[in-house]
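Structure at a glance
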Amino acid sequence: PACYLPTPHARADLHHQARIVATYTRARIWSIGYELALDDSSSYGQSVARHRGLGSVTARLPARLVASASVILEIDHYPAPLIVARDVASQSFVSIDDDNRSTASVLLTRPIAGRWSVEARYQYWTDALLASGSGFRRQLAYAGLVWGQPR
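Residues numbered from 1 in each chain as written. Predicted model: local features only at pLDDT ≥ 70, side-chain atom pairs only at ≥ 80, totals over all residues. Heavy atoms only, no water.

Our next topic: the side chain of Asp127. The topology assignment puts Asp127 in the loop between β6 (116-126) and β7 (137-147). Within the structure, the side chain of Asp127 is placed 3.0 Å from the side chain of Arg137, a separation counted as a polar contact. (Helix = DSSP H or I, 4+ residues; strand = E, 2+ residues; numbered from the N terminus. Polar contact = N/O pair within 3.5 Å; in protein donor to acceptor, adjacent residues only side chain to side chain.)

Looking now at the environment of Asp13. With respect to the element layout, Asp13 can be found in strand β1 (residues 13-25). For the pair formed by Asp13 and Leu38, sequence separation is 25 residues and the distance between their alpha carbons is 9.9 Å. Residues in contact with Asp13, not counting those within four places in the same chain, are Asp39, Asp40, Ser41 and Ser42. Within the local environment of Asp13, its side chain forms a polar contact with the side chain of Ser41, the two groups lying 2.9 Å apart. (Contact = heavy atoms within 4.5 Å.)

This part takes up the pattern of salt bridges. Overall, the coordinates contain 6 salt bridges when judged by the stated rule. Where Arg19 meets Glu35, a salt bridge forms, and the shortest distance between an N and an O atom there is 2.5 Å. Highlighted residues: Arg19 in strand β1 and Glu35 in strand β2 (residues 28-41), separated in sequence by 16 residues. The exposed category is assigned to Arg19, whose relative accessible area is 54%. For Arg52, the salt bridge is made with Glu35, and the minimal N-O distance between the two is 3.0 Å. (Salt bridge = Lys/Arg side-chain N within 4 Å of Asp/Glu carboxyl O. Buried < 20%, exposed > 50% of the residue type's maximum accessible area, 1.4 Å probe, protein only.)

Looking at the element boundaries, Gln17 is found in strand β1. The exposure class of Gln17 is exposed, given its relative accessible area of 52%. Among residues more than four places away in sequence, those in contact with Gln17 are Glu35, Leu36 and Ala37. Side-chain polar atoms of Gln17 contact the side chain of Glu35, separated by 3.3 Å.

Moving on: the environment of Ser41. Inspection of the secondary structure puts Ser41 in strand β2. Note on Ser41: relative accessible area 11%, which makes it buried. Ignoring anything within four residues of it in the chain, the contact list for Ser41 reads Arg11, Ala12, Asp13, Gln46 and Ser47.

Quick look at the structure:
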């Protein structure tokens with residue numbers, strides 16, 4: 001409790017982000033990249049260095065379908081050490097909101113008329129690369145109509 005003293009200073013974060021991506025376009029569109037995001041926070045335990053490896057491929061399929069698959073491998077590093085309580089009843093826990101968010105997704109889309117198209121997506125998130133192994137998993141399945149730019 002002594003670590004959490006009130007202060008007259010407001011929280012301040014300095015955020016930097018850099019990304020480099022290479023794309024190769026032929027019959028398929030291939031993309032690979034790396035992203036580094038740094039958040040230097042005045043709030044204890046909230047600074048983070050986030051590393052992401054990105055990869056994707058997009059291709060035309062028969063029946064006017066277009067498929068896109070992507071993978072993001074994320075590793076987060078929090079430079080501030082954990083505060084460990086002295087008694088067992090008030091020990092800290094790992095929040096799944098602070099875990100790494102690696103993901104894989106597949107998107108299928110097909111134009112149907114004018115600006116309208118249909119699409120379906122499946123996406124899977126995991127913290128499999130996290131050392132603490134909190135077991136975070138999330139899945140999303142989606143289908144819908146899209147109105148967009150004329151073709």
